[in-house]
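# A look at the structure
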Amino acid sequence: PLALGLYTVNAVYGDTITMPCRLEVPDGLMFGKWKYEMPNGSPVFIAFRSSTKKNVQYDDVPDYKDRLSLSENYTLSIKNARISDEKRFVCMLVTEDDVSEEPTIVKVFKQPSQPEILHQADFLETEKLQMLGECVARDSYPEGNVTWYKNGRILQPVEGVAVINLQKIVNKSTGLFTMTSSLQYMPTKEDANAKFSCIVTYYGPSGQKTIQSEPVVFDVRYPTEKVTIQVLPRSTTIKEGDNITLKCSGNGNPPPQEFLFYIPGETEGIRSSDTYSMTDVRRNATGEYKCSLTDKSMMDSTTITVHYLDLQLTPSGEVTKQIGEALPVSCTISSSRNATVFWIKDNTRMQTSPSFSSLQYQDAGNYICATTLQEVEGLQKRKTLKLIVEGKPQIKMTKKTNTNKMSKTIVCHVEGFPKPAVQWTVTGSGSIINKAKETKYVNGRFSSKIVIAPEENVTLTCIAENQLERTVTSLNVSAISIPEYDEPEDRNDDNSEKVNDQAKLIVGIVVGLLLAALVAGVVYWLYVKKSKTASKHVDKDLGNIEENKKLEENNHKSET
């Protein structure tokens, strides 16, 4: 590189400066020397090398003591480059007849340290011009320049808004510069998260370069302009029993720490922190809630609706009624919104509401009237009715001959609740029959059955007894040789159908015979009547009385 047409060597501060002697070595060279020129132009010799004796001598110059090195080709090296090394050095080659000189300019560069923002403000306030901080970049050569940035954009000086002052101080012992740029700034609310930084621009051996500081974010303070109230937790619905918290906030920085809360029915505000809690709220907590700053300058409001659901079941709990009685049942609700009601009996949802005009055993069970508000999560109510239908034992006895005609089945059909206990006895002997089989007890009904093969007619007694009454019914049973069927409505098997078909056939034959006999009798009567008329004509014609008598006798015999 050339400076003003002269050869220039660019060196980095602290590194070694290497300056070649750019002269051709002439014939008859005696020695070579290096010198530098003082500002007033006077020379200072610093190094000598003989071409014949090959020895090197360095002049006693304090600034270059132990820093110089002169090679055989007369290249001069200076260790630990300093700012003071920026001089005009000259290489001299001397012969007996001539002295040749070639100057070299030395430039030294020093990169500054990374800039730092010092003396930072603890916070910034809107509408107030104050010192934000100082950007400091140390030990630069040559001197550099400092530029402020906000959010990556250059911050231009604006009177009363952004005031920038740059100072450059040189260290007399080292010759290095320290640049300090102070920034006074008036922030706005939008600067709350702004990133401030500074960049130092400097020159190095290869040209212009920059170094950026770490960004800094300042706490920007501004007054509250709006107050907001909200309900926590942020649920769309509130129901009785919930715990809620009112939270009041201001958009200032720092935010207000105290507020006034206004509760429905209260004329004066309640002073509190930014929250006000209410536990186990009831429906009377519905209303408009407000909060304001303590000076009442700003206010916000919200409306809270506490949803409720009441259910009344009449009757409820355990209810005992007698069979055949009427039982009016009502399930009424009161709610903050339309609610749905449904009934459940013994874990099965019912299609309609229960209505009992005449209670039956199958009406007994556990009833649940349930209701829910679908829009309000968790708001549901239910009440239970345990209905007990009691009845005295009722008995109906039936008998039938089994298909094998070797035994008879006697059944005692029992109704009643609580479930009656059944006992079989033989009337007369009083003996108890213990081989009865019972069907399942369903809806207050069951059957007790015995199978017997009586050799003679007997009377069986069925006794059913519960806490309400003792009922006794007897039934005469013929000997096994005499078939008995007094339960046709219960015969649904093939054998019963065959017996019915045989009975119908017998009845048909008997009816047919009777009709045939009746027709024969009518024909015979007509015949006899005609015969009597013929006999009278014979008497008149023949006049034979004896023959008429004989004919009458014969007719009489025929009639007999």
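Criteria and thresholds
Residues numbered from 1 in each chain as written. Predicted model: local features only at pLDDT ≥ 70, side-chain atom pairs only at ≥ 80, totals over all residues. Heavy atoms only, no water. Phe/Tyr/Trp six-rings, centres within 6.5 Å; stacked < 30°, edge-to-face > 60°. Helix = DSSP H or I, 4+ residues; strand = E, 2+ residues; numbered from the N terminus. Lys NZ or Arg CZ within 6 Å of the ring centre and 35° of its normal. Pairing = 2+ DSSP bridges. Axes fitted to C-alpha atoms, helices over the stretch in contact; angles between N-to-C directions. Buried < 20%, exposed > 50% of the residue type's maximum accessible area, 1.4 Å probe, protein only. Disulfide = S-S within 2.5 Å.

The name given to the chain in an unreviewed UniProt entry is CD166 antigen, with the source organism recorded as Thinocorus orbignyianus.

Moving on, we get to the packing of aromatic side chains. The final tally for this structure, using the stated rule, is 10 aromatic pairs. Taking the centre distance of 5.0 Å and the plane angle of 45° together, the rings of Phe31 and Phe48 count as tilted. One end of the pair, Phe31, is in strand β4 (residues 29–37); the other, Phe48, is in strand β5 (residues 43–50), with 17 residues separating them in the sequence. Feature note: the residues Tyr36, Tyr64 and Phe89 constitute an aromatic cluster, connected by ring pairs. Its end group placed over the ring of Tyr308, Arg283 keeps NZ or CZ at 3.9 Å from the ring centre.

What follows concerns the sheet that holds strand β7 (residues 68–70). Taken in spatial order, the three strands of this open sheet run β3-β8-β7, and their pairing is antiparallel. Each end of this open sheet is capped by a strand with a single partner; those strands are β3 (17–19) and β7. Direction aside, the axes of adjacent strands within the sheet are offset by 15° on average. When β3 meets strand β8 (residues 76–78), the two strands line up antiparallel, connected through three bridges. Across the sheet, residue Ile17 finds its bridge partner in β8, namely Ile78.

The subject of this paragraph is unusual backbone geometry. Across the junction of Tyr141 and Pro142, the peptide omega takes the value -5°, indicating a cis bond. Within the secondary structure, Pro142 sits in the loop between β13 (130–140) and β14 (145–150). At the junction of Leu232 and Pro233, the peptide bond is cis and its omega measures out at -5° in the coordinates. Its place among the elements puts Pro233 in the loop between β22 (227–232) and β23 (238–239). Phi angles above zero are rare outside glycine, and Glu127 is one such case at about 65°. Examined against the element boundaries, Glu127 turns out to sit in the loop between β12 (124–125) and β13. Given a relative accessible area of 68%, Glu127 falls into the exposed group. For Lys405, which is not glycine, the phi dihedral falls at a positive 55°. Tracing the backbone shows Lys405 in the loop between β37 (380–401) and β38 (408–417).

Taken as a whole, this structure holds five disulfides when the rule is applied. Across the disulfide from Cys331 sits Cys369; the S-S distance is 1.8 Å. Its S-S torsion of approximately -85° makes the covalent link between Cys331 and Cys369 left-handed. Of this pair, Cys331 sits in strand β33 (residues 330–335) while Cys369 sits in strand β36 (residues 365–372), and the two are 38 residues apart along the sequence. Since its relative accessible area comes to 21%, Cys331 is described here as partly exposed.

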